[in-house]
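Summary of the model geometry
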Amino acid sequence: MVTPVALYLVYDSGSRPKPGEISLAHNGILFLDELAEFDRKALDVLREPLETGRISISRAARQAEFPARFQLVAAMNPCPQGYDCDLGPHCRCTPEQRRRHRGRISAPLLDRIDLSIEVPRLPRDVLMDPGPPPESTEQVRSRVAACRDRQLARQGKLNAALSGREAEGICTLAPAHQQLLETAMDRFRLSARAYHRILRVARTLADMDGAPRIEAHHLMEALSYRAMDRWRASEA
Ligand SMILES: [Zn+2]
């Protein structure tokens, strides 16, 4: 189990605080594999840097603050026995075991994750025959760069940096789409924070398309990236 200290800061031999993993990932990617294996309290401390891009810790009359603006990427198994089971025909986990496993990721942390998807294990024949080659990194890069340029031209910052209020002003929905989002909010019991995140993601998908407005399919796609909220709602 990874302790909070290793994630947030470490002490050198003179017990001076030094940056931990989240600060070493500043301006980069922090990848947490097997997220459910982390100490739940340690994960909850991630909320502050995910909001502010900084981590401050006071301990024994010492105060340490380090930059920590990272992109969080995490992976976990859907049930506690992991690879051997993976909800396939061999899954013998009880609903209670699954609920406890998934409950290790708190609702407030989940709220701060923009996209969560289920990745089913690929059947062997699909693995062996991956189909036509995907886009090259260079092609994807130019699409992403164009999308970022649209955001900077419109509002002087990226969609991810919009405050909740700014998101409501910029990521506007047609009335019918607003109704759709409100229905999803009730059904999956989403918070105001999740609401703003869905708006930003939908606006980003529209920007990827070069579309002036958020269309229904952008909103539906943004909602489809809330897999863990659906787990939570189905098990509540
Ligand atoms: Zn299982």
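Above this text sits the structure in question.
Residues numbered from 1 in each chain as written. Predicted model: local features only at pLDDT ≥ 70, side-chain atom pairs only at ≥ 80, totals over all residues. Heavy atoms only, no water.

**Considerations on helix α12 (residues 216-224)**
What counts is decided by this rule: For the exposure calls, accessible area comes from a 1.4 Å probe over protein chains only, and a residue counts as buried if that area is under 20% of its type's maximum, exposed if over 50%, partly exposed in between. Helix and strand assignments follow DSSP, with helices taken as H or I runs no shorter than four residues and strands as E runs no shorter than two, numbered in order from the N terminus. Regarding the arc, it is the one traced by the directions from the helix axis to the C-beta atoms. Contacts are assigned to residue pairs that have any heavy atoms within 4.5 Å of one another.
Listing the buried residues of α12 in full gives His218, Leu219, Ala222 and Leu223. For α12, the arc enclosing every buried residue in end-on projection is 135°, short of the 170-degree limit, so these residues lie on one face. Elements that come into contact with the buried residues of α12 comprise α10 (175-187), α11 (192-209) and α13 (227-235).

**Quick look at the pattern of salt bridges**
Selection rule: Any carboxyl oxygen of Asp or Glu within 4 Å of a side-chain nitrogen of Lys or Arg constitutes a salt bridge here.
Applying the stated criterion across every chain yields a total of 12 salt bridges. In this structure, the salt-bridge partner of Arg54 is Glu65, at a minimum N-O distance of 2.5 Å. Here Arg54 is found in strand β4 (residues 54-59), whereas its partner Glu65 is found in strand β5 (residues 62-67), with 11 residues between them in sequence. Residue Arg54 is classed as partly exposed on the basis of its relative accessible area, which comes to 35%.

**Some thoughts on the layout of surface pockets**
Our working rule: Only protein atoms enter the 1 Å grid used here. Points where a 1.4 Å probe fits but cannot escape make up a cavity, open sets with protein on both sides within 12 Å along at least five of seven lines make up a pocket, and a residue lines them when an atom lies within 4 Å of a point. Grid points are joined across faces, edges and corners, and a volume is the space filled by probe spheres set on the points. How far each domain reaches was decided by an automatic or database domain assignment.
Here the second largest pocket defines a volume of roughly 240 Å³. Along the walls of the second largest pocket sit 14 residues, with Arg99, Arg102, Gly103, Ile105 and Arg232 positioned nearest its centre. Of all the elements in the fold, those that place two or more residues in the lining of the second largest pocket are α5 (95-102), α6 (107-111) and α13. Counting residues per element, the lining of the second largest pocket draws most heavily on α13, which supplies 4 residues. Counting only domains with at least three residues in the lining of the second largest pocket, you end up with domain 1 (4-113) and domain 2 (137-235).

**Some remarks on the environment of Ser106**
Mapped onto the fold, Ser106 is located in the loop between α5 and α6. Sequence separation between Ser106 and Arg40 is 66 residues, and the spatial gap between their C-alpha atoms is 7.6 Å. Leave out the neighbours within four places in its chain, and Ser106 touches Arg40 and Asp44.

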